[in-house]
Amino acid sequence: MTSYPHLRLRRTRALPWSRALHREVEITPADMIWPLFVTDGRDCEVPVAALPGVSRWSVDRIVDQARLAVAAGIPALALFPNTQPERRTHDGGEALNPDNLMCRAIRAIKDACGSDIGVLTDVALDPYTSHGQDGLIDDHGYVVNDDTVEVLVGQALNQAAAGADIIAPSDMMDGRVAAIRNALEDSGHIHVQIMSYAAKYASAFYGPFRDAVGSRGLLKGDKKTYQMDPGNAEEALREVELDLNEGADSVMVKPGLPYLDIIYRVKQAFGVPVFAYQVSGEYALIEAAVAAGAADRDAMVLETLTAFKRAGCSGVLTYHALHAARLLGA
Ligand code: PBG
């Protein structure tokens, strides 16, 4: 076996051309999905205090963001509505309104950009309920599964009818992927994909997102009866297997960096397209470090995104997508 001094691993690292030649994985703009928040009104940009650099956009303005994404080579957007407070109800019925913020944003982006960009839509009731939970609750505040799934199916069909390309159930109810897939097939939406948030953890990293969609102040308690326990990995594999069997085209692990081991294991076990959501709290950590003068934003963004690719991801949902895509050059 060759050994030092014949073998010197530093040899290939010595110069930039050689490092480029030997690089195993690389993040590209085509690996990113950019989450965008939608707000009511006209010509509005409302900065999200908890996510410096991230704003909520009115439907007319979100189209410009979509065009920027296309120009930067980003293949898909993920949309989240900040539903008007007066439209949030106990049963989240606004999720079924064909003219809700989400549907209006989908239609506007599809009208402007057509097939130049994919639109991914989140399926869960939290942006629409007055209690901030992802599903319907009983008298004890417990999120009931089967009745929630029925509403989620309606929500998914509503989004598909508006032009969504990828339905992304983030609710963690049992059986929802099969129910949504069946309904999509039955209604002729055979090309609409499902990217399931298969392994979604009950995480402390979602705080800024809940500010962005306006559910933080409404949410009482937590989401631990449906989102996963951070201590569990075997269970994540079961969740993924179920969602694949139910017809998910791709699966997501969420949050991202604290769960790279899960991403790796899912990819090894199933060999399917795996996506990571580098969530709001992860974005906020990086931005806080940058603001404190403790980190170089560009280097940290690219390093974390590369880590997702190395772990096995096909792509990453990240609030840094436009910034990163521009750094990389389309
Ligand atoms: C809604 C949903 C959440 C996120 C994506 N979809 C919040 C939650 O489950 O409470 C979090 C995304 C982020 O933190 O960036 N079910």
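It should be emphasised that the depicted structure is a prediction, and the values quoted were computed from it without experimental measurement. (Residues numbered from 1 in each chain as written. Predicted model: local features only at pLDDT ≥ 70, side-chain atom pairs only at ≥ 80, totals over all residues. Heavy atoms only, no water.)

With respect to the pattern of salt bridges
Here comes step 1: All told, the structure shown has 18 salt bridges when counted by the stated rule.
Here comes step 2: The partner of Asp31 in a salt bridge is Lys309, with the nearest N and O atoms 3.0 Å apart. Taken together, the residues span a long stretch of sequence, with Asp31 in the loop between helix H1 (16–22) and strand E1 (32–39) and Lys309 in helix H10 (residues 297–311) at a distance of 278 residues. The pair formed by Asp31 and Lys309 is uniform in burial state, with each residue classed as buried. (Salt bridge = Lys/Arg side-chain N within 4 Å of Asp/Glu carboxyl O. Helix = DSSP H or I, 4+ residues; strand = E, 2+ residues; numbered from the N terminus. Buried < 20%, exposed > 50% of the residue type's maximum accessible area, 1.4 Å probe, protein only.)

Looking at the site of the ligand
Here comes step 1: Around the ligand, the surrounding shell holds 18 residues, and the nearest of these are Lys200, Lys223, Lys254, Ser280 and Tyr319.
Here comes step 2: A distance of 2.9 Å is found between an oxygen atom of the ligand and a side-chain nitrogen or oxygen belonging to Gln227.
Here comes step 3: Between an oxygen atom of the ligand and a side-chain N or O atom of Ser280, the distance comes to 2.7 Å.
Here comes step 4: When the ligand is considered free in solution it has 400 Å² of accessible area, and contact with the protein chains removes 100% of it.
Here comes step 5: By residue class, the composition of the shell around the ligand is eight nonpolar, three polar and seven charged. (Near = heavy atom within 4 Å. Polar contact = N/O pair within 3.5 Å; in protein donor to acceptor, adjacent residues only side chain to side chain. Areas by Shrake-Rupley, 256 points an atom, 1.4 Å probe, with all protein chains shown as cover. Nonpolar A, V, L, I, M, F, W, Y, C, P; charged D, E, K, R; others polar.)

Section: the environment of Glu26
Here comes step 1: Within the secondary structure, Glu26 sits in the loop between H1 and E1.
Here comes step 2: Separated by 62 residues in the primary sequence, Glu26 and Arg88 place their C-alpha atoms 42 Å from one another.
Here comes step 3: Among the polar contacts made by the side chain of Glu26, one reaches the side chain of Arg23 at a distance of 3.0 Å.

Points about helix H3 (residues 101–113)
Structural remark: α-helix, 3.6 residues per turn; residues separated by three or four positions point the same way.
Here comes step 1: Between its terminal C-alpha atoms H3 stretches 18 Å, which fits the 18 Å expected from 13 residues at 1.5 Å a residue.
Here comes step 2: Within the sequence span of H3, burial applies to Leu101, Met102, Cys103, Ala105, Ile106, Ala108, Ile109, Lys110 and Cys113.
Here comes step 3: The first or second residue beyond H3 is Gly114, which carries a positive phi of 55 degrees. (Expected span 1.5 Å × (residues − 1).)

Topic: the pairing of strand E4 (residues 76–81)
Here comes step 1: The element E4 is extensively covered by neighbouring structure, given that six of its six residues are classed as buried.
Here comes step 2: Burial along E4 is two-sided: the residues Ala76, Ala78 and Phe80 and Leu77, Leu79 and Pro81 are all buried.
Here comes step 3: Where E1 lies against E4, six bridges are found, and the strand directions are parallel. If you follow Ile33 over to E4, its bridge partner there is Ala76.
Here comes step 4: As paired strands, E4 and strand E5 (residues 118–123) are joined by four bridges and run parallel to one another. If you follow Ala78 over to E5, its bridge partner there is Leu120. (Pairing = 2+ DSSP bridges.)

Some thoughts on a nonpolar patch on the surface
Here comes step 1: Taken together, the side chains of Leu15, Trp17 and Leu21 define a hydrophobic patch exposed on the protein surface, amounting to about 370 Å² of accessible area.
Here comes step 2: Here Trp17 lies in helix H1. (Patch = residues over 30% accessible without salt bridge, like charges linked within 9 Å, V, L, I, M, F, W, Y side chains within 5 Å.)

Description of the nonpolar core
Here comes step 1: Leu79, Ile262 and Ile263 are the most contacted members of the largest nonpolar core, which totals 80 residues.
Here comes step 2: Counting residues per element, this core draws most heavily on H3, at eight residues.
Here comes step 3: In this view, Ile262 contacts Ala199, Tyr201, Asn232, Ala233, Ala236 and Val253; residues no more than four positions away in its chain are not counted.
Here comes step 4: Of all hydrophobic cores here, the second largest spans 25 residues; its members include Val54, Phe80, Phe275 and Tyr319. (Core = buried A, V, L, I, M, F, W, Y, C linked by side-chain atoms within 4.5 Å. Contact = heavy atoms within 4.5 Å.)

A short note on the side chain of Ser215
Here comes step 1: By secondary structure assignment, the location of Ser215 is in the loop between helix H6 (207–213) and helix H7 (234–245).
Here comes step 2: Overall, the relative accessible area of 1% leaves Ser215 in the buried class.
Here comes step 3: Each residue touching Ser215, except ones within four places of it in the same chain, is listed here: Arg88, Asp126, Gly132 and Arg210.

Concerning unusual backbone geometry
Here comes step 1: Omega for the peptide link from Tyr4 to Pro5 comes to 10 degrees, which places this bond in the cis form.
Here comes step 2: Along the chain, the position of Pro5 falls in the segment before H1.
Here comes step 3: Its identity is not glycine, yet Met172 carries a phi of approximately 65 degrees, on the positive side.
Here comes step 4: In this structure, Met172 sits in the loop between strand E6 (166–169) and helix H5 (176–186).
Here comes step 5: When its relative accessible area of 4% is taken as the criterion, Met172 is described as buried.

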